Every structure is written in C-alpha cells, then in structure tokens.
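# Observations on the three-dimensional arrangement
What follows is the residue order along each chain.
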Amino acid sequence: MRLRILPAAAASVALVLVQPGFADAAADPSTTVTFTVTSGALSMSVPASAALGSGAPGTQISSPIGPVTVTDNRALLSASWTVTVSETDFTNGSSTVAATNAAYTVGAVTTTGTITATPTNVTLSNSSQVVVTGSAGVGDNTASWDPTVSVALPAAAISGAYTGTLTHSVA
C-alpha cells in the first residue's frame, strides 16, 4: 500500500506547482482609483413679488409671500449660513407706512440633507435682521419656508396702493 500513496501525493504536489493562476499574491497587479467631489455655491431663491391684500386703516393685513429656499452646494464638512431680511418703508406717493409696522413670521422650515435650521420671527425694519440660521450642516443641503408678512395699518393711513421692498440675503 505504501507504493500507491507516494505516487498520488507526488502527483498532487506536481499539479500545484504547474497550475496557472496560483501566483504569489505580491505579484497581483493593483489599480489606484481616484475621484473628486466638486463644490458649488451658497444661493437663495425668493418670490419676485407678493400681494398682501387690503385692509382699512387701523387693521392688520397679512399673507404668506411664497417659498424662500436656501441651497447650499458647497459640500462642506461643517456648513453654516445665515439668512437676513430688511424692508423699506411702504410708500404711496408721499404717504408712508413705516417698515417697523410689518412683521416677518418664518413658519415651518423643511430641510434636505444634513442641516439644522433655526427660525426667528422679527419685526421688520430698514436694517438687516436674522430670520433663519443654518448650522451643523454636512455636504449639500437645502432649507425652505413660506414666510408670512403682516402689516399693521396705521389709523391715519391714506387710501391707495403701497409698495415696499423686502430684501433677503444669505451668507
């Protein structure tokens, strides 16, 4: 029986030595794979115009003005941004309703990606005021809300159509 085991063992060793594809692992070729993540800008979209309706002197008018959206495509590891608003006085010829008679209520903020959006309701003025702060952002993200602007019409307001400019900024 010993004669049978030796030839079988010798044949197995010979097969291992001549089998193609069993090369030493150190000789395996490798490929270095690279890519680049691109970054974009921090931007915002707002409605072009909004009509709050009408009301009598001494009353308050209000309406949602339409969606405001911040888009942060900077692809940052630690992203943050701040949205501010300012309002000019509302004018009708020589008649004026002060910007401070108006309020900006942010409402619900919806987000995509990773960002914490914190709203702050403000009484509007000619100076910029923070209304939404984005913090703890990672990568690209967005935040959207549909703010309501309300105006307390003075008891001495003169009839007519009033116009003011609400300016949003993001940085």
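Residues numbered from 1 in each chain as written. Predicted model: local features only at pLDDT ≥ 70, side-chain atom pairs only at ≥ 80, totals over all residues. Heavy atoms only, no water.

## Quick look at the side chain of Thr69
Mapped onto the elements, Thr69 comes out in strand β3 (residues 68-87). Overall, the relative accessible area of 18% leaves Thr69 in the buried class. Side-chain polar atoms of Thr69 contact the side chain of Ser144, separated by 2.9 Å. Setting aside chain neighbours within four positions, we find Thr69 in contact with Ser43, Met44, Ser45, Ala143 and Ser144. (Helix = DSSP H or I, 4+ residues; strand = E, 2+ residues; numbered from the N terminus. Buried < 20%, exposed > 50% of the residue type's maximum accessible area, 1.4 Å probe, protein only. Polar contact = N/O pair within 3.5 Å; in protein donor to acceptor, adjacent residues only side chain to side chain. Contact = heavy atoms within 4.5 Å.)

## Some details on the nonpolar core
One finds Tyr104, Val131, Trp145 and Val151 to be the most contacted residues of the largest nonpolar core, which totals 23 residues. Those elements that provide at least two residues to this core are β3, β6 (102-105), β9 (129-145) and β10 (148-152). A total of five residues in this core trace back to one element, the largest contributor, which is β3. If we skip the residues at most four places from it in the chain, Val151 touches Leu52, Thr59, Gln60, Ile61, Phe90, Val97, Asn101 and Ala102. (Core = buried A, V, L, I, M, F, W, Y, C linked by side-chain atoms within 4.5 Å.)

## Quick word on the pattern of salt bridges
Under the counting rule described, the total for this entry stands at one salt bridge. For Asp72, the salt bridge is made with Arg74, and the minimal N-O distance between the two is 2.8 Å. On the accessibility criterion, Asp72 (0% relative accessible area) is buried. Judged by relative accessible area, Arg74 falls into the partly exposed class, the value being 22%. (Salt bridge = Lys/Arg side-chain N within 4 Å of Asp/Glu carboxyl O.)

## Brief notes about the environment of Ser169
Relative to the assigned elements, Ser169 resides in strand β11 (residues 166-170). Ser169 sits 124 residues away from Ser45 along the chain, and the two C-alpha atoms are 9.9 Å apart. Residues within four places of Ser169 in sequence aside, it is in contact with Met44, Thr82, Val83 and Thr84.

## What about the sheet that holds β6?
The sheet built from four strands is open, its strands ordered β2-β10-β6-β8 with antiparallel pairing. Edge strands, defined here as strands with exactly one partner in the open sheet, are β2 (60-64) and β8 (122-123). Both β6 and β10 contribute to a ladder of four bridges, which runs antiparallel. Following the sheet pairing, Thr105 is matched in β10 by Thr148. (Pairing = 2+ DSSP bridges.)

## A short note on the environment of Ser150
With respect to the helices and strands, Ser150 occurs in strand β10. Residue Ser150 is classed as buried on the basis of its relative accessible area, which comes to 11%. With residues near it in sequence (within four places) discarded, Ser150 still touches Gln60, Ile61, Ser62, Asn101, Ala102 and Ala103.

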